[in-house]
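Here are the chains, one letter per residue:
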Amino acid sequence: MNMRHLFTTAALVVPLVFAGGTAVAVPESASSATSAAVEVQAHHEATTKAVDVCHYTISRPTLKLGSSGRAVRQAQCYLNQAMTGAGLAEDGRFGPVTDAATRRFQACAGIVVDGLIGAQTWSSLVFWANGSDLVC
């Protein structure tokens, strides 16, 4: 085994071991190594995939007052699941009621309160909506 293969093997196995995953021996041939990497990724996805409580879309665009569509419905569903009393109609229209709920969620989650549903807010929404507790 040459140094390049040794480093490739270490690069694939060490993160798995530290992350609590199962280490997989990586074969020496390039095509076998690719197959092993694909198998490791598939195993990781199968064992870490969570069930999402809302099923409108997997798209996570930045949303704001005036936005509309399936992503807004997804956000409204998450807001309903993450907080008490949200009671949002999951109608896909980001109006004043969704804006107020978004700002309330952001304040409760301790993130920037700007009324925008961007990367940080999506991440928090997914966490709180799919968890067993409510953010507020």
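Higher on the page you've got the structure.
Reading guide: rules and limits
- Residues numbered from 1 in each chain as written.
- Predicted model: local features only at pLDDT ≥ 70, side-chain atom pairs only at ≥ 80, totals over all residues.
- Heavy atoms only, no water.
- Helix = DSSP H or I, 4+ residues; strand = E, 2+ residues; numbered from the N terminus.
- Buried < 20%, exposed > 50% of the residue type's maximum accessible area, 1.4 Å probe, protein only.
- Contact = heavy atoms within 4.5 Å.
- Salt bridge = Lys/Arg side-chain N within 4 Å of Asp/Glu carboxyl O.

**Examining the overall build of the chain**
Argument step 1. Tallying secondary structure elements over the chain gives five helices and zero strands in all.
Argument step 2. When the helices and strands of the chain are read in sequence order from the N terminus, they spell out α-α-α-α-α.
Argument step 3. For the chain, with 136 residues in total, the buried portion stands at 30%.
Argument step 4. Within the chain, counting contacts between residues at least 6 apart in sequence, those at least 24 apart form 40% of the total.

**Concerning the pattern of salt bridges**
Argument step 1. Throughout the structure, instances matching the rule amount to three salt bridges.
Argument step 2. Across the pair Arg60 and Asp52 runs a salt bridge, and its minimum N-O distance is 3.8 Å.
Argument step 3. Judged by its relative accessible area of 30%, Arg60 is partly exposed.
Argument step 4. Residue classification places Asp52 among the partly exposed positions, given a relative accessible area of 22%.
Argument step 5. A salt bridge links Arg103 to Asp99; the shortest N-O distance between them is 3.0 Å. Highlighted residues: Arg103 and Asp99, both in helix α4 (residues 96-109), separated by four residues, approximately one helical turn.

**Some points on the environment of Thr84**
Argument step 1. Following the sequence through the fold, Thr84 ends up in the loop between α3 (70-82) and α4.
Argument step 2. Its relative accessible area of 41% is what places Thr84 among the partly exposed residues.
Argument step 3. Note: C-alpha distance between Thr84 and Leu134 (50 residues apart in sequence) is 7.0 Å.
Argument step 4. If we ignore the near neighbours within four places in the chain, the residues touching Thr84 are Arg104, Leu134 and Cys136.

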